[in-house]
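Reading the structure
Chain by chain, the residues:
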Amino acid sequence: WKSMEKNTSNSKGIDPMLILGKAVDMSVSMRGGDFPLGAMPMKIQRIVREANDCYGYPVDYLAGAMLVALGLGVGNTHFARLKGKWDESAILFMALVGRPGACKSHPLNFAIRPFSDIDGVNNSAFQKELAEYNRQCELPMKERTVAHPVLPVNKRFLISDATPEAMMLIHSHNLRGICMWNDELAGWFKNFNRYNKGSDEEYWLKLYNANPIFSDRKGAKDSVYIGRPFVSVVGTIQNGILNELAQGSRSSNGFIDRLLFVIANNQDKQAWSDKEPSFDIEATWAEIISRLVDMPYKTDEDGKVIPTIIGFSPEAKTRLYQWQRENTEDCNREENDALKGVFSKFDFHAIRFCLIIQIARWACGEADKTEIDLVSVKNAIGLVDYFKATATRVQGIIKDLSLSELQRAVIAALPEEFTTEQGVEIAIANSMAERTFKDFVKRFTGIHFQKVRHGVYAKL
């Protein structure tokens, strides 16, 4: 690595960190993953590689879950500002997608464990404070050490199954930010509207956008208002359930467009390795998260977090604007409406990635956090490319699960590349009408088909 950096650092126009990142990504590909691990700080790269070598954790699942955990560590303490008052926080909604037994849960638990440990310590302290509160309340006034005991609160980072009202109450105790952590995300979205007749999709859309949230529980006394909520979401989901995620209004109101999907290429069960980690990866990861959690921040008189605003360096902003123009062109060229909606949301994801990567590099001792620099923007763009690819794969899985037997038969009969005329002939031979076939190709371009040039398509 050092020789590579030395050989490239003096080459005009060559970014040595970019070269190193590409090399890391090549090694990830050899391990059966696509995740751009080179976009993460070096210290985190080492943790992921050790966990992969020693425990068989798929790189994609572990690195993806770590990205959410890093964002939770940032919380509402720092916002990225592109211009004017356009601020983005580190909120992410992410699903680790794979078949049963694909080793999704263990990497997720590893990434989240520092927060569950913190919650465990806080809960122990809360139980002691609650016991003392109850004891004081039972004493006569003259025997109390505190005349009017204050009910303690249990400050938490993680929640799993809670009503929106209960979740907002928990969030009000930790305005820094919380995360909905579900090992099976199916339980999350299947419970939408379980407790009320309203639209939970719209509620979660507001949370993703960090819009103000009101929560009325038993009356005005228990009302909760959070001006800038921070609620991330992470969990696992099986391939066969993805079509349920897209059912109802979730595929039309932009809900599914905001989800980031992580998919490992190699989902085969791995044999145990007798290799021991060369360093304490759990402790190293906990130290990184601890540095984020321990970041000082200011609050106003009402206890609301006052975030530190981080802008972009001039060259970083130039590169980000260039990428946004490229992404706009991709959206305008995209013929599939579902993917068009997904790609458009990456304008927001990109800025959030920039913020998370910059603060993560600071936590690992690789950069400061006075501004978002060019390295963080380039790394964020690498993450965007990955998640755009996985989003396309997920849309393909969803569409494939909803294909009819006739559509499956036509796809199977088509060659890898075909003209419209050839496709029509094959479709008719399989009892599909010409107009139906043309509509079929148009609808699934970007999912099952790719337009090579005018009148020529390829199967994906």
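Just so we're clear, the structure is a prediction, and the values are computed from it rather than from any experiment. (Residues numbered from 1 in each chain as written. Predicted model: local features only at pLDDT ≥ 70, side-chain atom pairs only at ≥ 80, totals over all residues. Heavy atoms only, no water.)

1. As for the overall build of the protein
In terms of helices and strands, the protein carries 17 helices and 16 strands. Buried positions account for 48% of the 460 residues belonging to the protein. Residue pairs in contact within the protein that sit at least 24 positions apart in sequence constitute 71% of those at least 6 positions apart. Looking at the protein as shown, the accessible area adds up to about 22000 Å², and 51% of this sits on carbon and sulfur atoms. (Helix = DSSP H or I, 4+ residues; strand = E, 2+ residues; numbered from the N terminus. Buried < 20%, exposed > 50% of the residue type's maximum accessible area, 1.4 Å probe, protein only. Contact = heavy atoms within 4.5 Å. Areas by Shrake-Rupley, 256 points an atom, 1.4 Å probe, with all protein chains shown as cover.)

2. Remarks on the packing of aromatic side chains
The final tally for this structure, using the stated rule, is 19 aromatic pairs. Seen from their ring centres, Phe 35 and Phe 387 are 6.3 Å apart, and the 85 degrees between their planes marks the pair as edge-to-face. Of this pair, Phe 35 sits in the loop between helix H2 (16-30) and helix H3 (42-55) while Phe 387 sits in helix H14 (residues 374-401); the two residues are 352 residues apart in sequence, bridging distant segments of the chain. What makes Phe 35 buried here is its relative accessible area of 0%. On the basis of relative accessible area, Phe 387 is assigned to the buried category, the value being 1%. Members of the aromatic cluster, each reached through a chain of ring pairs, are Phe 93, Trp 188, Tyr 203, Trp 204, Tyr 208 and Phe 255. The lysine or arginine in question, Arg 228, covers the ring of Phe 79, its NZ or CZ lying 4.2 Å from the ring centre. (Phe/Tyr/Trp six-rings, centres within 6.5 Å; stacked < 30°, edge-to-face > 60°. Lys NZ or Arg CZ within 6 Å of the ring centre and 35° of its normal.)

3. Some points on the packing of helix H4 (residues 59-74) against helix H10 (residues 281-293)
Where H4 contacts H10, the axes come no closer than 8 Å and their chain directions differ by 30 degrees. Classed by the angle they form, the pair H4 and H10 counts as roughly parallel. When H4 is examined against H10, the residues Met 66, Ala 69, Leu 70 and Gly 73 are found in contact with a partner set consisting of Trp 285, Ile 288, Ile 289, Leu 292 and Val 293. For the contact of H4 with H10, the per-class residue count stands at 8 nonpolar, 1 polar and no charged. (Axes fitted to C-alpha atoms, helices over the stretch in contact; angles between N-to-C directions. Parallel < 35°, antiparallel > 145°, perpendicular 65-115°, else oblique. Nonpolar A, V, L, I, M, F, W, Y, C, P; charged D, E, K, R; others polar.)

4. Here we look at the nonpolar core
Counting 117 residues, the largest nonpolar core has Trp 204 and Phe 387 as the members making the most contacts within it. Once residues within four sequence positions are removed from consideration, Trp 204 is found in contact with Phe 93, Met 167, Met 180, Trp 188, Phe 192, Val 231, Val 233 and Phe 255. Judged by nonpolar contacts, the second largest core, of 14 residues, contains Leu 414, Phe 418, Met 432 and Phe 444. (Core = buried A, V, L, I, M, F, W, Y, C linked by side-chain atoms within 4.5 Å.)

5. What about the sheet that holds strand S14 (residues 417-419)?
The sheet built from 3 strands is open, its strands ordered S14-S16-S15 with antiparallel pairing. The open sheet terminates on both sides in strands that have one partner only, identified here as S14 and strand S15 (449-453). Strand-to-strand twist of the sheet, defined as the mean angle between neighbouring strand axes without regard to direction, takes the value 35 degrees. Bridge analysis of S14 against strand S16 (residues 456-459) gives 3 bridges, and the strand direction is antiparallel. Residue pairing in the sheet places Glu 417 in a bridge with Ala 458 of S16. (Pairing = 2+ DSSP bridges.)

6. Re the pairing of strand S5 (residues 178-184)
Strand direction decides the pairing type here: strand S4 (residues 158-159) and S5, joined by 2 bridges, are parallel. Bridge pairing links Leu 158 to Cys 179 in S5. Once the chain exits S4 it traverses helix H6 (residues 164-173) before rejoining the sheet at S5, and the crossover so formed is right-handed. Pairing of S5 with strand S8 (residues 231-237), which is carried by 6 bridges, proceeds in the parallel orientation. When the sheet's bridge partners are listed, Glu 184 is paired in S8 with Thr 236. (Right-handed = clockwise from strand over helix to strand, strands pointing away.)

7. Side note on unusual backbone geometry
Backbone geometry at Cys 103 places phi at a positive 60 degrees, although glycine is not the residue there. By secondary structure assignment, the location of Cys 103 is in the loop between strand S3 (93-97) and helix H5 (105-138).

8. Brief notes about helix H8 (residues 200-208)
Of all 9 residues that make up H8, 7 are buried, and the element is covered over most of its length. Among all positions in H8, only Asp 200, Glu 201, Tyr 203, Trp 204, Leu 205, Leu 207 and Tyr 208 are buried.

9. A word on the environment of Val 375
Position of Val 375 among the secondary structure elements: in helix H14. C-alpha of Val 375 to C-alpha of Ala 316: the two residues are 59 residues apart in sequence and 7.8 Å apart in space.

10. Concerning the sheet that holds strand S2 (residues 86-88)
Taken in spatial order, the 4 strands of this open sheet run S2-S1-S12-S13, and their pairing is mixed. Both edges of this open sheet fall to S2 and strand S13 (371-372), since each of them pairs with a single strand only. Relative to S2, strand S1 (residues 78-83) is paired through 3 bridges, and the arrangement is antiparallel. Within the sheet, the bridge partner assigned to Arg 81 lies in S2 and is Asp 87.

11. Topic: H10
Compared with the 18 Å implied by 1.5 Å per residue over 13 residues, the 18 Å span of H10 between its first and last C-alpha is a close match. Within H10 the residues assigned to the buried category are Ile 281, Thr 284, Trp 285, Ile 288, Ile 289, Leu 292 and Val 293. Those residues of H10 that are buried are in contact with H3, H4, H5 and helix H13 (346-363). (Expected span 1.5 Å × (residues − 1).)

12. Quick look at the confidence of the model for the protein
Overall, the prediction assigns the protein a mean pLDDT of 87, with 87% of residues at 70 or greater. Counting contacts from residues 1-12, a segment whose pLDDT is below 50, to residues more than four positions away or on other chains yields 12 contacts. (pLDDT = per-residue confidence, 0-100.)

13. Here's the deal with the side chain of Ser 232
Among the structural elements, Ser 232 can be located in strand S8. When its relative accessible area of 0% is taken as the criterion, Ser 232 is described as buried. With residues near it in sequence (within four places) discarded, Ser 232 still touches Val 68, Ala 90, Ile 91, Leu 92, Phe 93, Ile 178, Cys 179 and Met 180.

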